[in-house]
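Geometric and topological summary
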Amino acid sequence: MQGKLHQSLQRAKDQGEKKFVVLIDPDKVKLGQMDQILELAAMAKVDYFFIGGSLIVNNMLDHCLQRIREVCNIPMILFPGNSFQLSYKADGILFLSLISGRNADLLIGNHVLAAPYLKMSPLEIMPTGYMLIDGGVETTVSYISNTRPVPSSKDDVALCTAIAGEMLGLKFIYMDAGSGAKNPISTSMIETVSSGLKVPLIIGGGIRTPEQAVEKAKAGADVIVVGNAIEKDPNLIIEMSNAIHSINATV
Ligand code: 1GP
């Protein structure tokens, strides 16, 4: 049975409707700033929050989820950097398999360990093929996972990897240049990969302007994720959200 989050994302994709996600890293966001982000996100009708970071070192995860729920109803999806970043307070979790890498623990090993906990949890499990794409700087994910990203010019490798993920039954493909990437994923790679997929394509990493967000969405991204740029300037939420949602008015 499809969960609610999966259903709404797949329906949006089928209808050509674009979604905007704000990524909150509980380690990085300061309390005062979080309230500002939440207020702006509610105003701008942000579609989802992704909550996570590659290293969560403080105990802010539960607190962060609780605060979001007090302030707004935007669905909260965990984007865990490792299997310790779990909380029942969220609505769903990206169950990530790092299909761009060849690290068995991140392809299936950690999933085996997390499965019994997740089976009991109320979270919607969202099976996601996670693909790290070279964004011009070494990322924490690449270092910690001990995997190499797909080279930024290898559109065909990215396409075959994404198709294989879909064939394995994964319900989402998330191509990520990594938080703070120098170069976001190229328009040509997004066009190539999206042309071969039926499942929603999530794109993030290094998107800094509304223009870039629109360009990536028009190229075939179904979901645009922005974190870093918003931490630096929370007011960008309004411009980004309006820009992405304005594409929907034309479909
Ligand atoms: C990182 O895709 C996300 O995993 C978002 O990246 O922080 O660079 O926006 P930024």
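Cut-offs used in this document
Residues numbered from 1 in each chain as written. Predicted model: local features only at pLDDT ≥ 70, side-chain atom pairs only at ≥ 80, totals over all residues. Heavy atoms only, no water. Helix = DSSP H or I, 4+ residues; strand = E, 2+ residues; numbered from the N terminus. Rg over C-alpha atoms; globule rule 2.2 N^0.38 Å. Buried < 20%, exposed > 50% of the residue type's maximum accessible area, 1.4 Å probe, protein only. Contact = heavy atoms within 4.5 Å. Areas by Shrake-Rupley, 256 points an atom, 1.4 Å probe, with all protein chains shown as cover. Lys, Arg positive; Asp, Glu negative; His and termini not counted. Charge placed at Lys NZ, Arg CZ, Asp CG, Glu CD. Pairing = 2+ DSSP bridges. Axes fitted to C-alpha atoms, helices over the stretch in contact; angles between N-to-C directions. Left-handed = near helix turned anticlockwise from the far one by under 90°. Nonpolar A, V, L, I, M, F, W, Y, C, P; charged D, E, K, R; others polar. Phe/Tyr/Trp six-rings, centres within 6.5 Å; stacked < 30°, edge-to-face > 60°.

Helices and strands together make up the secondary structure of the protein, namely 10 helices and eight strands. Compactness check: the protein gives a C-alpha radius of gyration of 17 Å against a globular reference of 18 Å for 251 residues, within 12% of the reference. Expressed as lengths along the three principal axes of its C-alpha atoms, the size of the protein is roughly 45 × 45 × 40 Å. For the protein, with 251 residues in total, the buried portion stands at 53%. Within the protein, counting contacts between residues at least 6 apart in sequence, those at least 24 apart form 74% of the total. Per element, the accessible surface of the protein, about 11,500 Å² overall, is 55% carbon and sulfur. Distance from the positive charge centre (22 side chains) to the negative charge centre (25 side chains) of the protein: 3 Å.

In space, the eight strands of this closed barrel follow the order S1-S2-S3-S4-S5-S6-S7-S8, with parallel pairing throughout. Sheet twist, expressed as the mean angle between neighbouring strand axes with direction ignored, is 30°. Sitting on the sheet, helix H7 (residues 187-195) is in contact with strand S6 (172-176) and strand S7 (201-204), with an inclination near 165° to S7.

Our focus in this paragraph is the packing of helix H6 (residues 155-167) against H7. Running from N to C, H6 and H7 cross one another at 35°; their axes reach a closest spacing of 9 Å. In this structure, the crossing between H6 and H7 has a hand that is right-handed. Every residue of H7 that contacts H6 at Asp-155, Ala-158, Leu-159 and Ala-162 is listed here: Ser-188, Met-189, Thr-192 and Val-193. In terms of residue class, the contact of H6 with H7 is built from five nonpolar, two polar and one charged.

The two faces of the sheet receive side chains in turn, since in a regular strand these alternate between them. Judged by how many residues are buried, S6 sits mostly within the fold: five of five residues are covered. Of the two faces of S6, the one carrying Phe-172, Tyr-174 and Asp-176 and the one carrying Ile-173 and Met-175 are both buried. Relative to S7, S6 runs parallel, the two sharing four bridges. Looking at S7, one finds that Ile-173 is bridged to Leu-201.

So, about the packing of aromatic side chains. Applying the stated criterion to the full structure yields six aromatic pairs. Arranged with centres 6.0 Å apart and planes meeting at 45°, the rings of Phe-50 and Phe-79 form a pair that is tilted. With Phe-50 in strand S2 (residues 48-51) and Phe-79 in the loop between strand S3 (76-78) and strand S4 (92-98), the pair connects residues that are 29 residues apart, well separated along the chain. Classification of Phe-79 by relative accessible area gives buried; the value is 11%. Each ring, one from Phe-79 and one from Tyr-174, has its centre 5.1 Å from the other, and the planes form 35°; the classification is tilted. Of this pair, Phe-79 sits in the loop between S3 and S4 while Tyr-174 sits in strand S6, placing them 95 residues apart in sequence. On the basis of relative accessible area, Tyr-174 is assigned to the buried category, the value being 1%. Grouping aromatic residues by their ring pairs yields a cluster made of Phe-50, Phe-79, Tyr-130 and Tyr-174.

In short, geometric facts, not functional conclusions.
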